[in-house]
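Residue-level structural notes
What follows is the residue order along each chain.
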Amino acid sequence: MAGGRENFAKVTALLKGLADADLTNPETVYQYAEHAYHQENYADCEHYLNIYLQLESVNSDLKCGALQLLSFCYQEQRDYEKAEDTMLRVAVIRKKDYEESPERYLYLYAMIQRDLSNFYVTTNQFDKAAEWTDSALSNYEKLYADPVEGEYYWGGLAQIYNNKALICLVNDDIETAEQMALKGYEVSKKNYKEEELLQSQ
């Protein structure tokens, strides 16, 4: 056990050293920020992500990924205001991306809508949750309907159905809550069975 901890400490020191050696290198800066997040070193994660986000060589897609990780970092620290602001920044970028290239960015736009739905449900902000859940649901249903790749999105769709069910339940719309919960169950059941079948072959 002690040897494992020592080796891990060496990895952490190495990654941090590489990041500090050249703070203009996006790869090493982000690599350490992500490592720090998984080590629950949220102060370092936040610090290095903010450095990363200032780099001119980082494109819009990469910045969105870093912002989403930063929002998770804030949530772990229970700084929900910063987490919300950060996710909304991503949503603005992804909405613009989607409007310019719907086919390419539908999933990425739906994903941040789902993240905001989850965030508002978790923080009991059900009016805001309803808005983002409805928009996420519309996009995930489009993704799931794809005859070729639709099956890859069932987990997100089931999650959104469950969020919708909870929101309806809070608003005393029992009938719709039951319908949404059933849809979530049916999507999960269908795809669990298909995965089990593939694994058995």
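Notes on the structure in this doc start here. As the structure is a prediction and not an experimental result, all values here were calculated from the model.

Calculation rules
Residues numbered from 1 in each chain as written. Predicted model: local features only at pLDDT ≥ 70, side-chain atom pairs only at ≥ 80, totals over all residues. Heavy atoms only, no water. Helix = DSSP H or I, 4+ residues; strand = E, 2+ residues; numbered from the N terminus. Buried < 20%, exposed > 50% of the residue type's maximum accessible area, 1.4 Å probe, protein only. Contact = heavy atoms within 4.5 Å. Salt bridge = Lys/Arg side-chain N within 4 Å of Asp/Glu carboxyl O. Core = buried A, V, L, I, M, F, W, Y, C linked by side-chain atoms within 4.5 Å. Phe/Tyr/Trp six-rings, centres within 6.5 Å; stacked < 30°, edge-to-face > 60°.

**Here's the deal with the side chain of Gln68**
Of note, Gln68 is situated in helix H4 (residues 60-76). The class for Gln68 is buried, based on a relative accessible area of 11%. Setting aside its immediate chain neighbours within four residues, Gln68 contacts Val90, Met111, Ile112 and Asp115.

**A short note on the environment of Glu131**
Here Glu131 is to be found in helix H7 (residues 126-144). What makes Glu131 exposed here is its relative accessible area of 53%.

**Remarks on the pattern of salt bridges**
In total, this model carries 9 salt bridges according to the counting rule given. Asp61 is the salt-bridge partner of Arg94, the closest N and O atoms lying 2.7 Å from each other. With a gap of 33 residues between them, Arg94 in helix H5 (residues 80-100) and Asp61 in helix H4 connect regions that are remote in the sequence.

**As for unusual backbone geometry**
Residues other than glycine seldom take positive phi values, yet Asn124 does so here, at roughly 60 degrees. For Asn124, the position within the fold is in the loop between helix H6 (102-122) and H7. Here Asn124 falls in the exposed class, since its relative accessible area comes to 55%. Positive phi, close to 60 degrees, is recorded for Asp172, a residue that is not glycine. With respect to the helices and strands, the residue Asp172 is situated in the loop between helix H8 (154-170) and helix H9 (174-200). By relative accessible area, which is 64% here, Asp172 ends up exposed.

**Concerning the nonpolar core**
In terms of nonpolar packing, the biggest core is built from 55 residues, with Tyr48, Leu49, Ile112, Leu116 and Tyr140 touching the most fellow members. Counting residues per element, this core draws most heavily on H6, which supplies 10 residues. For Leu116, the residues in contact, after removing those within four places along its chain, are Met87, Leu88, Ala91 and Trp132.

**Let's talk about the packing of aromatic side chains**
The geometry of an aromatic ring pair is captured by the separation of the ring centres together with the interplanar angle, meaning the angle of the planes. According to the stated counting rule, one finds 7 aromatic pairs in the structure shown. Relative to Tyr48, the ring of Tyr32 lies with its centre 5.0 Å away and its plane at 85 degrees, an arrangement referred to as edge-to-face. With a gap of 16 residues between them, Tyr32 in helix H2 (residues 26-38) and Tyr48 in helix H3 (residues 42-53) connect regions that are remote in the sequence. According to the relative accessible area criterion, Tyr48 is buried, its value standing at 3%. Centroid distance Tyr80 to Phe119: 6.3 Å. Interplanar angle 55 degrees. Geometry classified as tilted. Here the residue Tyr80 occupies a position in helix H5, and Phe119 occupies one in helix H6, the gap between them amounting to 39 residues. On the basis of relative accessible area, Tyr80 is assigned to the partly exposed category, the value being 38%.

Purely spatial values, then, with no claim about function.
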